[in-house]
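Here's the letter readout for the chains.
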Amino acid sequence: MLKGIKASSGIAIGKAFVIKEYDFKPLKIKIEDSSLEEERFNKAVEKAKKELEELIESTIKNFTENEGEIFEAHLTMLDDPELIGTVSEKILKENINAEYALKTVCDELVEIFEGIEDEYLKERIVDIKDVTKRMLRILNGQVEEGVNNIKEESIIISKDITPSQTAQMDKNKVLGFVTETGGVTSHSAIIARTLGIPAILGVHNLLDKIKNGDVLIIDGNEGVVILNPDEKTLKNYREKIERYMEDKIELLKYKDLESITLDFKKVEVAGNIGSVEEVDSIIENGGEGIGLFRTEFLYMEKEVLPNEEEQFLAYKSVVEKLNGKPVVIRTLDIGGDKKLSYLPIKEELNPFLGYRAIRLCLDRKDIFKTQLRALLRASKYGNLKIMFPMICNLEELLESKKILKECKNELKEEGLEYDENLEVGIMIEVPSAAIISDILAKEVDFFSIGTNDLIQYTMAVDRMNEKVSYLYDFNNLAVLRLIKLVIENGHREGIWVGMCGEMAGREDLIPLLLGMGLEEFSMSPSSILKVRKIIRNLSFKESSKIVKKL
Ligand code: PEP
Ligand code: MG
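If you check an unreviewed UniProt entry, the chain appears there as Phosphoenolpyruvate-protein phosphotransferase from Clostridium mobile. Looking at the Subcellular location (unreviewed entry) heading of the UniProt record, one finds this comment for the chain: "Cytoplasm". Of the chain, the UniProt comment under Catalytic activity (unreviewed entry) reads exactly: "L-histidyl-[protein] + phosphoenolpyruvate = N(pros)-phospho-L-histidyl-[protein] + pyruvate".

Asker: Got a minute to help me understand the environment of Ala270 in this structure?
Answerer: Following the sequence through the fold, Ala270 ends up in strand 9 (residues 268–273). Ala270 sits 105 residues away from Leu375 along the chain, and the two C-alpha atoms are 20 Å apart. Not counting the four nearest positions on each side in its chain, Ala270 is found in contact with Glu288, Gly289, Ile290, Gly291, Glu520, Phe521, Ser522, Met523 and Ile528.

Asker: Looking at this structure, how should I read the pattern of salt bridges?
Answerer: A pair can form between side chains of opposite charge whenever their charged atoms are brought close. Scanning the entire structure with this criterion turns up 44 salt bridges. Linking Arg532 and Glu288 is a salt bridge whose minimum nitrogen-to-oxygen distance equals 3.0 Å. One end of the pair, Arg532, is in helix 21 (residues 528–536); the other, Glu288, is in the loop between helix 10 (279–284) and strand 10 (290–294), and 244 residues separate them in sequence. One exposure class covers both Arg532 and Glu288, and it is buried. Here the salt bridges do not stand alone but share partners, grouping Glu308, Glu309, Lys365, Lys369, Arg373, Arg377, Glu406, Glu410 and Glu414 into one network.

Asker: When you look at the packing of aromatic side chains in this model, what are you seeing that I'm missing?
Answerer: The description of two aromatic rings rests on the distance between their centres and on the angle between their planes. The final tally for this structure, using the stated rule, is five aromatic pairs. Their ring planes at 80° and their centres at 6.1 Å tell us that Phe293 and Tyr315 sit as a pair that is edge-to-face. A residue pair is termed long-range when its members are at least 10 positions apart, and Phe293 in strand 10 and Tyr315 in helix 12 (residues 308–322) qualify at 22 residues. Look at Tyr315 and you get buried, because its relative accessible area is 0%. With centroids separated by 6.2 Å and ring planes inclined at 85°, the aromatic side chains of Tyr472 and Phe474 adopt a geometry described as edge-to-face. One cation-aromatic arrangement involves Lys316 over Tyr381; the distance from NZ or CZ to the ring centre is 4.9 Å.

Asker: I keep staring at helix 14 (residues 365–378) and nothing clicks. Help me out?
Answerer: Each α-helix winds once per 3.6 residues, and so residues spaced three or four apart point in a common direction. In this model, helix 14 (14 residues) spans 20 Å end to end at C-alpha, consistent with the 20 Å of a helix rising 1.5 Å per residue. With 11 of 14 residues buried, helix 14 lies mostly within the body of the structure. Listing the buried residues of helix 14 in full gives Ile367, Phe368, Lys369, Gln371, Leu372, Arg373, Ala374, Leu375, Leu376, Arg377 and Ala378. Looking at the buried side of helix 14, the elements it contacts are helix 11 (296–300), helix 12, strand 11 (326–330), helix 13 (357–363), strand 12 (383–388) and helix 15 (394–414).

Asker: Looking at this model, I keep getting lost on a negative patch on the surface. Mind explaining?
Answerer: A surface patch of negative charge is lined by Glu108, Glu111, Glu114 and Glu303. Assignment of secondary structure puts Glu108 in helix 4 (residues 98–115). Glu108 gets classed as partly exposed once you look at its relative accessible area, which sits at 38%.

Asker: How should the coordination of the magnesium ion (ligand 2) be read in this particular structure?
Answerer: Metal coordination angles in their ideal form are 109.5 degrees for the four-donor tetrahedron and 90 or 180 degrees for the six-donor octahedron. Coordination of the magnesium ion (ligand 2) by the protein is provided by Glu429 (OE) and Asp453 (OD), with metal-donor distances spanning 2.0 to 2.1 Å. In this pair, Glu429 sits in the loop between strand 13 (423–428) and helix 16 (431–435) while Asp453 sits in helix 18 (residues 451–459), placing the two residues 24 residues apart along the sequence. Residue Asp453 is classed as buried on the basis of its relative accessible area, which comes to 2%.

Asker: Help me understand the pairing of strand 3 (residues 11–19) in this model?
Answerer: It is a general feature of regular strands that their side chains alternate between the two faces of the sheet. Most of strand 3 sits out of view: seven of its nine residues are buried. Pairing of strand 3 with strand 7 (residues 215–219), which is carried by five bridges, proceeds in the antiparallel orientation. Bridge assignment links Ile13 to a residue of strand 7, and that residue is Ile217. Across five bridges, strand 3 lies against strand 4 (residues 154–158) in parallel orientation. Opposite Ile19, over in strand 4, you have Ser158 as the bridge partner.

Asker: Is there a simple way to think about unusual backbone geometry in this case?
Answerer: Phi at Asn95 takes a positive value of approximately 50°, unusual for a residue other than glycine. Tracing the chain through its elements places Asn95 in the loop between helix 3 (81–94) and helix 4.

Asker: Can you help me understand the site of ligand 1 in this one?
Answerer: Around ligand 1, 15 residues are found, and the nearest of them are Arg294, Arg330, Gly450, Asn452 and Arg463. Separating an oxygen atom of ligand 1 from a side-chain N or O atom of Arg294 is a distance of 2.7 Å. In the environment of ligand 1, an oxygen atom lies 3.4 Å from a nitrogen or oxygen atom belonging to the side chain of Lys338. Examining the composition of the shell around ligand 1, we find that three residues originate from one element, helix 18, more than from any other.

Asker: Is there a simple way to explain the sheet that holds strand 8 (residues 224–227) in this structure?
Answerer: Strands in a sheet are paired, the pairing made by backbone hydrogen bonds, and the direction either parallel or antiparallel. Taken together, eight strands build an open sheet; the order of strands is 1-8-7-3-4-5-6-2 and the sheet is mixed. Across the chains shown, the open sheet's two edge strands, defined by having one partner strand only, are strand 1 (2–3) and strand 2 (5–8). Bridging between strand 1 and strand 8 involves two bridges; their strand directions are antiparallel. Looking across to strand 8, one finds that Lys3 is bridged to Val224. Against the sheet, helix 9 (residues 231–251) contacts strand 3, strand 7 and strand 8, and its axis sits at roughly 115° relative to strand 3.

Asker: Just to check I follow, could you spell out the pairing of strand 11 for this structure?
Answerer: Counting buried residues in strand 11 gives five out of five residues, a clear majority hidden from the surface. With burial as the criterion, each face of strand 11 is covered, one bearing Pro326, Val328 and Arg330 and the other bearing Val327 and Ile329. By the bridge criterion, three bridges tie strand 10 to strand 11 in an arrangement that is parallel. Residue pairing across strands places Arg294 opposite Arg330, the latter belonging to strand 11.

Asker: Help me understand the packing of helix 12 against helix 14 in this model?
Answerer: The axes of two packed helices give the description: the angle between them and the distance between them. At a minimum axis separation of 8 Å, helix 12 and helix 14 run at an interaxial angle of 40°. It follows from the interaxial angle that helix 12 and helix 14 lie oblique. When the axes of helix 12 and helix 14 are compared, the crossing they make is right-handed. Here Glu308, Glu309, Gln311, Phe312, Tyr315, Lys316 and Val319 of helix 12 come into contact with helix 14, specifically with Thr370, Gln371, Arg373, Ala374, Leu375, Arg377 and Ala378. Within the contact of helix 12 with helix 14, the residues separate by chemical class into six nonpolar, three polar and five charged.

Scoring rules and cut-offs
- Note on numbering: residues in each chain are counted from 1, in written sequence order.
- Labels are handed out in written order, letters beginning with A for the chains and numbers beginning with 1 for the ligands.
- Only residues with pLDDT of 70 or above have their local features reported here, since the model is predicted, and side-chain atom pairs are shown and tallied only from 80 upward, although totals for entire chains, interfaces and linings are computed over all residues.
- Excluded from the side-chain calculations are hydrogens and water; all other atoms, namely the structure's heavy atoms, are used.
- UniProt positions are given in the numbering used here, feature names are shortened, and annotations may be inferred rather than shown by experiment.
- The helix count covers DSSP runs of H or I at least four residues long, the strand count covers runs of E at least two residues long, and both are numbered beginning at the N terminus.
- By definition in these notes, contact holds between two residues if any of their heavy atoms fall within 4.5 Å.
- In what follows, salt bridge is the name for a side-chain nitrogen of Lys or Arg lying within 4 Å of a carboxyl oxygen of Asp or Glu.
- For the exposure calls, accessible area comes from a 1.4 Å probe over protein chains only, and a residue counts as buried if that area is under 20% of its type's maximum, exposed if over 50%, partly exposed in between.
- The pairing test for Phe, Tyr and Trp rings, Trp by its six-membered ring, is centres within 6.5 Å, and the orientation test on the planes gives stacked under 30 degrees, edge-to-face over 60, and tilted for anything in between.
- Charge-over-ring placement is defined geometrically: NZ (Lys) or CZ (Arg) within 6 Å of the ring centre, and within 35 degrees of the ring normal.
- What a helix is expected to span follows from its residue count: subtract one and scale by 1.5 Å.
- By definition, no residue in a patch forms a salt bridge, and every one has over 30% relative accessible area; like charges are joined within 9 Å, nonpolar side chains (Val, Leu, Ile, Met, Phe, Trp, Tyr) within 5 Å.
- Using the Shrake-Rupley algorithm and a 1.4 Å probe, accessible areas are obtained, with residue cover drawn only from the displayed protein chains.
- When charges are counted, Lys and Arg are positive and Asp and Glu negative, with His and the chain ends excluded.
- A single reference atom marks each charge: NZ on Lys, CZ on Arg, CG on Asp, CD on Glu.
- Atoms of type N, O and S within 2.8 Å of a metal are treated as its donors, and for Na, K and Ca the window is 3.2 Å; water is not considered, so some sites may appear to be missing partners.
- At least two bridges found by DSSP between two strands are what make those strands a pair.
- The near set for a molecule or strand comprises every residue that places at least one heavy atom within 4 Å of it.
- What qualifies as a polar contact is a pair of N or O atoms within 3.5 Å, subject to a donor-acceptor requirement within protein and to the restriction that residues adjacent in sequence count only when both atoms come from side chains.
- Only the stretch in contact is used when fitting a helix axis, every axis being a line fitted to C-alpha atoms; angles between N-to-C directions are given from 0 to 180 degrees.
- In this scheme, roughly parallel covers angles under 35 degrees and roughly antiparallel covers those over 145, while 65 to 115 is roughly perpendicular and the rest are oblique.
- Crossing chirality is assigned from the near helix's rotation relative to the far helix, an anticlockwise turn below a right angle marking it left-handed and a clockwise turn marking it right-handed.
- Any residue that is not Ala, Val, Leu, Ile, Met, Phe, Trp, Tyr, Cys, Pro, Asp, Glu, Lys or Arg is counted as polar, Gly included; the first ten are nonpolar and the last four charged.

Take a look at the structure:
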């Protein structure tokens with residue numbers, strides 16, 4: 001059994017289709033007849049153009065115009081004298097092979113682009129690399145290996161899945177994805193969710209472990225891959241798939257219903273997202289809002305810091321899609337296990353206890369203010385709420401609020417509008433914050449309990465460490481006491497209290513959380529309908545009695 005990141009839910013059984021990464025490092029070779037070599041290069045350019053034209057057509061057919069734009073840009077580059085002209089010149093002048101000339105020009109361009117401040121140009125680096133890869137493959141006489149060659153229903157096993165590959169894929173034949181790299185918002189994850197197929201990402205050494213044709217079970221709900229399962233396991237999973245499908249259909253009837261108990265206590269069942277694309281799954285699953293937008297993924301999928309304008313557009317599109325429903329957007333929570341290649345953090349002994357989230361933002365006010373300004377500007381377009389992560393004392397909260405106020409003043413001066421009544425809240429995920437939640441509650445409009453970290457810090461148990469995971473317990477009395485304390489303190493100060501850690505979607509714990517008075521449950525979109533069904537079958541009074549007894 002291999003484990004990875006749950007990127008898209010669902011279960012699939014099928015044969016592995018392994019895509020090996022094309023990695024070609026050309027050597028420098030002296031050429032006798034450089035004009036013949038240039039001709040070979042020009043032919044490769046023409047072939048690449050033809051491939052791209054076909055790709056654009058199939059992408060638009062399978063996906064949208066937007067997806068096709070990536071390849072339009074690649075096509076334009078094949079007419080660009082900066083790239084193609086320079087390569088030709090190099091071949092002719094230096095009498096060297098086309099592959100080496102191309103790779104050298106590409107590397108030089110990348111280096112130049114990396115040094116330029118212009119964000120747009122920086123983003124083109126990925127495109128330059130992608131086009132060069134295509135050209136090198138063609139020059140090497142290889143056809144595009146991959147998803148267009150799938151003959152039977154298969155599970156794709158790959159280092160990562162590129163836009164080129166997904167565009168050519170016959171959607172009816174792809175049962176799911178498993179990749180070595182990538183996170184929840186990598187391109188492959190987004191495509192998997194769009195197609196509604198399971199995906200598990202970040203499986204270590206995947207390509208060493210799985211061969212073409214291996215029988216696999218992939219369970220996107222649990223994030224596991226079972227390699228060559230026995231008959232008993234297969235039977236088990238076939239039944240699971242059947243139940244999963246039946247449940248999914250049955251649950252749809254809860255989509256437009258309220259999350260209300262038998263004795264008429266109304267709560268909110270919302271969803272967590274990590275990218276703008278995931279908003280659709282909130283809507284499809286009848287989410288009553290977004291309880292957590294993990295904005296760090298917006299930063300992670302880029303090669304440079306996202307600027308104010310692009311962040312503004314992302315946040316605006318989310319709140320607009322939610323059409324007045326609440327959207328809690330969390331400010332950057334980088335550090336711990338989440339890293340940015342372009343913002344190196346010095347090696348730390350305990351990254352989860354280190355330079356993370358609000359600590360980093362208060363230190364890098366420039367980064368923080370860019371995000372806050374974008375959030376404020378987007379607040380005008382819907383029901384946006386700002387949430388600060390990892391607050392561990394009152395000072396951090398006051399400082400964050402001060403910077404937010406600074407941003408508001410700046411916007412006012414610039415004549416830019418924002419929602420004056422915008423709510424500001426904090427995550428309660430550090431025990432110290434839970435313990436002084438009576439004080440913190442006076443300063444905010446809401447709390448959202450982040451149990452993923454709250455448990456980690458309360459129990460001193462690394463949430464990533466399998467060895468000590470037996471201590472990572474939602475039912476731990478210390479954790480439950482802290483949750484109860486936070487809810488009570490919040491209510492005493494008249495603010496609402498929600499939960500956006502994984503615990504909020506745990507079916508067995510809903511009565512307890514409901515009984516403690518939790519008002520908002522935010523979870524991965526696929527859990528929303530199940531939780532709503534449970535809430536509609538519970539009594540708030542009875543649930544409160546359970547809490548008292550406990
Ligand atoms: C949490 O800690 O519970 C939480 C929701 O934040 P994250 O999982 O992103 O750390
Ligand atoms: Mg957290």
